[in-house]
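Given next are the chains, with one letter for each unit.
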Amino acid sequence: VQDPAFRRLSPAYGSLAQLLIIEGEFFPYRFAQRTAVRCYWLMTRSITEGILESDTLLRCYSPSFLPRANRMKDIGYPERLTGVSFDGGRNFHRVAATGLPFILLNRGAPLVAELVPSHTRAGRGEYISL
C-alpha cells in the first residue's frame, strides 16, 4: 500500500465552507469509508469534512470561518490544506511539502466592477476585460 499523494486543489480561491476538489493518487478508496474524510487547514486550525470519490479524487470543504491572524491580502486570506485523514480524523496524511494553497475571499465570490468595452459588434471575436 502506497502513501496518498496530493497534487492539486481546485478552485484556488473561494468562499467560506465551499466544496473543493483535491486531486492526487493512491487514495484508499477500497478500504476507507467515503464519508470519513477530514481535511486540516493550517491558518484557521480547523478540520472540515470531506467525501472520498475515487482513488484519485476527493472533495473537502474550505474552512467555515476566517483565520484569527490578520494576514489579509488584497483578494483575501491565505490558507493551506496541510493534512487529510481517511479514518475520521485519527491519522492525518501530510499534504505535499508545505500544503496546498487556497485563498479565502474577502467577501465571498468576486463581483464584476466594470466590463470593458461595454459594447461590441457581434461575430468579431473581441476580448473583454472584467
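Each value, and the rule that gives it
- Residues numbered from 1 in each chain as written.
- Predicted model: local features only at pLDDT ≥ 70, side-chain atom pairs only at ≥ 80, totals over all residues.
- Heavy atoms only, no water.
- Helix = DSSP H or I, 4+ residues; strand = E, 2+ residues; numbered from the N terminus.
- Buried < 20%, exposed > 50% of the residue type's maximum accessible area, 1.4 Å probe, protein only.
- Contact = heavy atoms within 4.5 Å.
- Areas by Shrake-Rupley, 256 points an atom, 1.4 Å probe, with all protein chains shown as cover.
- Core = buried A, V, L, I, M, F, W, Y, C linked by side-chain atoms within 4.5 Å.
- Disulfide = S-S within 2.5 Å.

Draft legend 1. Here's a closer look at the overall build of the protein. Along its length, the protein carries zero helices and nine strands. Overall, the protein shows an N-to-C arrangement of helices and strands of β-β-β-β-β-β-β-β-β. Sorting the 130 residues of the protein into buried and exposed places 32% on the buried side. Intrachain contacts of the protein at a sequence separation of at least 6 include 56% that bridge at least 24 residues. For the protein, the accessible area works out to roughly 8900 Å², and carbon and sulfur atoms hold 51% of it.

Draft legend 2. The arrangement of the nonpolar core in detail. F6, L58, L81, V84 and F86 are the most contacted members of the largest nonpolar core, which has 20 residues in total. Where this core is concerned, the elements lending two or more residues are β1 (5-10), β3 (19-25), β4 (37-41), β6 (57-61), β7 (76-85) and β9 (100-105). Those residues in contact with L81, other than ones at most four positions away along the chain, are L9, I22, C39, Y40, W41, V95, G99 and L100.

Draft legend 3. Structural detail: the state of the cysteines. Taken as a whole and judged by the stated rule, the model has one disulfide. A sulfur-sulfur separation of 1.7 Å characterises the disulfide bridge that pairs C39 with C60. Because the sign of the S-S torsion sets the handedness, a value of about 110 degrees for the bond joining C39 and C60 places this disulfide among the right-handed ones. Of the two residues, C39 sits in strand β4 while C60 sits in strand β6, which places them 21 residues apart along the sequence. For C39, a relative accessible area of 0% gives the class buried. Owing to a relative accessible area of 0%, C60 belongs among the buried residues under this scheme.

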